Amino acid sequence: MFYFLVVIAVLLLGYAAVLVAFLRRGKKIPPAAYLALAGLNGLILAGVLAWAVSR
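Anyway, here's the lowdown on the structure attached to this text. Here the residue index of a chain counts from 1 through its sequence in written order. This being a predicted model, a pLDDT of at least 70 is required before a residue's local features are given, and a value of 80 or more before pairs of side-chain atoms are given or counted; all residues contribute to the totals for chains, interfaces and linings. Values shown for side chains rest on all heavy atoms present in the structure; no hydrogens or waters enter the calculation.

## Overview of the packing of aromatic side chains
Then, in step 1: Stacked, tilted and edge-to-face are the three classes assigned to paired rings of Phe, Tyr and Trp, where Trp is represented by its six-membered ring and a pair needs centres within 6.5 Å; plane angles under 30 degrees give stacked, over 60 edge-to-face, the rest tilted. Applying the stated criterion to the full structure yields zero aromatic pairs.
Then, in step 2: Arg25 extends its terminal NZ or CZ atom over the ring of Phe22, reaching a point 6.0 Å from the ring centre.
Then, in step 3: The ring of Phe22 is capped by Lys27, whose NZ or CZ atom sits 5.8 Å from the centre of that ring. Whether a charge sits over a ring comes down to the Lys NZ or Arg CZ being within 6 Å of the ring centre and within 35 degrees of the ring normal.

## Overview of the environment of Ala9
Then, in step 1: Only DSSP runs of H or I covering at least 4 residues are called helices, and only runs of E covering at least 2 are called strands; the numbering of each starts at the N terminus. Relative to the assigned elements, Ala9 resides in helix α1 (residues 2-24).
Then, in step 2: Exposed residues in this analysis have more than 50% of their type's maximum accessible area, buried residues have under 20%, and partly exposed residues fall in between, with area computed by a 1.4 Å probe over protein chains only. For Ala9, a relative accessible area of 31% gives the class partly exposed.
Then, in step 3: Between the C-alpha atom of Ala9 and that of Ile44, which follows or precedes it by 35 residues, the distance is 7.1 Å.

## Digging into the packing of α1 against helix α2 (residues 31-54)
Then, in step 1: The geometry of α1 relative to α2 is characterised by a closest axis approach of 10 Å and an angle of 160° between their N-to-C directions. Relative to α2, α1 is oriented roughly antiparallel. The element α1 and its partner α2 pack so that their crossing is left-handed. The segment α1 lies against α2, with Phe4, Leu5, Ile8, Ala9, Leu11, Leu12, Tyr15 and Leu19 engaging Ala33, Ala36, Leu37, Leu40, Asn41, Leu43, Ile44, Gly47, Val48 and Trp51.
Then, in step 2: Residues were grouped as follows: Ala, Val, Leu, Ile, Met, Phe, Trp, Tyr, Cys and Pro as nonpolar; Asp, Glu, Lys and Arg as charged; and all remaining residues, including Gly, as polar. The residue makeup of the contact of α1 with α2, split by class, is 16 nonpolar, two polar and no charged. Fitted lines through C-alpha atoms serve as axes, helices being fitted only where they are in contact, and the angles separating the N-to-C directions of these axes extend from 0 to 180 degrees. The labels follow the angle: roughly parallel below 35 degrees, roughly antiparallel above 145, roughly perpendicular from 65 to 115, and oblique for the rest. Note: crossing handedness is left-handed where the near helix turns anticlockwise from the far helix by less than a right angle, and right-handed where it turns clockwise. The contact criterion used is simple: two residues touch if any of their non-hydrogen atoms lie within 4.5 Å.

## Thoughts on the environment of Val10
Then, in step 1: Counting through the fold element by element, Val10 comes out in helix α1.
Then, in step 2: Residue classification places Val10 among the exposed positions, given a relative accessible area of 54%.

## As for α1
Then, in step 1: A helix is expected to reach a length of 1.5 Å times the quantity of its residues less one. For α1, spanning 23 residues, the distance from its first C-alpha to its last is 33 Å, which sits close to the expected 33 Å at 1.5 Å a residue.
Then, in step 2: Looking one or two places after α1, you find Gly26, whose phi comes out positive at around 85°.

It is worth stressing that arrangement in space is one thing and function is another; only the former is reported here.
This is the structure we're talking about:
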């Protein structure tokens, strides 16, 4: 379970870096990008809660 959280966190950081690169180039972030970011955050939150409950 811990490795799953690490993989999701790395994906989230990479995705955030891509969004920051978009902003630095002066491009607008599409609304779907915010949904994907929220989904990754939800996965991390659900994983952390499941890990905490199982301990």
